[in-house]
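Survey of secondary and tertiary structure
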Amino acid sequence: MRDYSPRGSRSHPTILVVDDDIYVHGTLAAALRGLRPTIVAAKTAAEALDAAVAEHPDLAIVDLGLPDLDGYELTRRLRHLKGLRGLRIVILSGYVPDRGAASDAGADAMLAKPFRLNEFVETVEEQLELATA
């Protein structure tokens, strides 16, 4: 098993999943089971920012439709947090994907819902590998 941690301090990645739908948390965690990640779940942008500071995740998976901020603004704020330099961010969108807006906000990748789980896992693996490069 690869060490996905950019700091090399953990043997498995820490992934922050930000979505207000608890069902999505479980589905994504199950899809990533093979990576044996530590999943940190947040239902709001405020929870996500607190969790990011506390947990220093390797990757954040951010839904666009959050109750307190949209995923673009959360991505911008995550990018400005100290100590998260190697953080990779994947935005998930149930809307027509605007890759330009996602890139402008600082996202590394974007997936449109619904997506195939194997496509999701491949995207996560690619982003984790880039985090360690």
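Refer to the preceding data block for the structure.
Summary of the structure given here. (Residues numbered from 1 in each chain as written. Predicted model: local features only at pLDDT ≥ 70, side-chain atom pairs only at ≥ 80, totals over all residues. Heavy atoms only, no water.)

Side note on the pattern of salt bridges
The criterion, for reference: One speaks of a salt bridge when a side-chain nitrogen belonging to Lys or Arg is within 4 Å of a carboxyl oxygen belonging to Asp or Glu. Secondary structure is summarised from DSSP: a helix means a run of H or I of at least four residues, a strand means a run of E of at least two, and numbering begins at the N terminus for each. Note on exposure labels: buried denotes an accessible area under 20% of the residue type's maximum, exposed denotes more than 50%, and partly exposed covers the range between, all computed with a 1.4 Å probe on protein chains only.
One pass over the structure, following the stated rule, counts six salt bridges. Between Lys113 and Asp63 there is a salt bridge, with the nearest N and O atoms lying 2.9 Å from each other. Of this pair, Lys113 sits in the loop between β5 (109–112) and α5 (117–132) while Asp63 sits in strand β3 (residues 59–63); the two residues are 50 residues apart in sequence, bridging distant segments of the chain. For Lys113, a relative accessible area of 27% puts it in the partly exposed group. A salt bridge links Glu73 to Arg77, with the shortest nitrogen-to-oxygen separation between them at 3.0 Å. Residue Glu73 and its partner Arg77 are located together in helix α3 (residues 71–79), separated by four residues, close to a single helical turn.

With respect to unusual backbone geometry
Of all residues except glycine, most have a negative phi; of all peptide bonds, most are trans. Each neighbour pair has its own omega, and for Lys113 with Pro114 the value is -5 degrees, a cis peptide bond. The residue Pro114 is located in the loop between β5 and α5 in this model. Even without being a glycine, Arg36 presents a positive backbone phi close to 50 degrees. With respect to the secondary-structure elements, Arg36 resides in the loop between α1 (22–31) and β2 (38–42). Phi is positive for His56, which is not a glycine, with a value near 50 degrees. On the secondary structure map, His56 appears in the loop between α2 (45–55) and β3.

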